[in-house]
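# Fold and geometry: a report
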Amino acid sequence: EKKEMEEQVEEDFEPCLKGPPLPVTDRYYCKHFALDVKGRANEDHCVLQHTNRVCVVCLAPTHPLLQEHNVHIEKVEFQIGKLDRTSNAVSGRFKNELFV
């Protein structure tokens, strides 16, 4: 019976053991896509929802900025009006007050 169980475990994990490990985004995040945001063609966004329900908004692979090969992003601003979002702390159950 133990040998049978070991064989079943090996069979279940075999796909995981072949090839390189999955990226973090594939292991812990569920991907949701918003297409043509604000009515703009191909301005697609991706929302990564972590298993703890925190979401990360990013550009989808089909977004024009990621399609152009010579695009260089120089900086990202986290200052929105008088608020500096870099000082936000993530804490609490379900991170309900999180805005970054």
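We now turn to the structure provided with this report. Just so you know, these numbers come straight off a predicted model, no measurement behind them.

### Points about the sheet that holds strand β2 (residues 45–50)
- Across the sheet, which stays open at both edges, the three strands sit in the order β1-β2-β3 with antiparallel pairing between neighbours. At either margin of the open sheet sits one strand with a lone partner, and together these are β1 (29–34) and β3 (55–59). Strand-to-strand twist in this sheet, taken as the mean axis angle between neighbours without regard to direction, amounts to 25 degrees.
- Pairing analysis gives five bridges linking β2 to β3, with the strands arranged antiparallel. Bridge assignment links Val47 to a residue of β3, and that residue is Val57.

### Looking at unusual backbone geometry
- Within the chain, Asp36 stands out as a residue other than glycine whose phi angle is a positive 50 degrees.
- If you trace the backbone, Asp36 turns up in the loop between β1 and β2.
- The phi dihedral of Lys38 falls on the positive side, at around 55 degrees, and the residue is not glycine.
- By secondary structure assignment, the location of Lys38 is in the loop between β1 and β2.

### Brief notes about the pattern of salt bridges
- Counted under the stated rule, the structure contains two salt bridges.
- Asp26 is the partner of Lys31 in a salt bridge, and the nearest nitrogen-oxygen pair spans 3.4 Å.
- When its relative accessible area of 39% is taken as the criterion, Lys31 is described as partly exposed.
- A relative accessible area of 39% places Asp26 in the partly exposed class.
- Here Lys75 ties to Glu77 by a salt bridge, and the two come within 3.2 Å at their closest N and O atoms. Accessibility classification places Lys75 together with Glu77 in one group, the exposed group.

### Details of the environment of Pro64
- Considering the arrangement of structural elements, one finds Pro64 in helix α3 (residues 64–67).
- Given a relative accessible area of 28%, Pro64 falls into the partly exposed group.
- Along the backbone, Pro64 and Asp44 are 20 residues apart, and their C-alpha atoms lie at a distance of 8.5 Å.
- Excluding residues within four positions of it along the chain, Pro64 makes contact with Asn42 and Glu43.

### Digging into the side chain of His63
- Structurally, His63 can be placed in the loop between β3 and α3.
- His63 sits in the buried class, given a relative accessible area of 6%.
- Every residue in contact with His63, bar those within four places of it in the chain, is listed here: Asn42, Glu43, Asp44 and His45.

Conventions adopted
- Residues numbered from 1 in each chain as written.
- Predicted model: local features only at pLDDT ≥ 70, side-chain atom pairs only at ≥ 80, totals over all residues.
- Heavy atoms only, no water.
- Pairing = 2+ DSSP bridges.
- Helix = DSSP H or I, 4+ residues; strand = E, 2+ residues; numbered from the N terminus.
- Axes fitted to C-alpha atoms, helices over the stretch in contact; angles between N-to-C directions.
- Salt bridge = Lys/Arg side-chain N within 4 Å of Asp/Glu carboxyl O.
- Buried < 20%, exposed > 50% of the residue type's maximum accessible area, 1.4 Å probe, protein only.
- Contact = heavy atoms within 4.5 Å.

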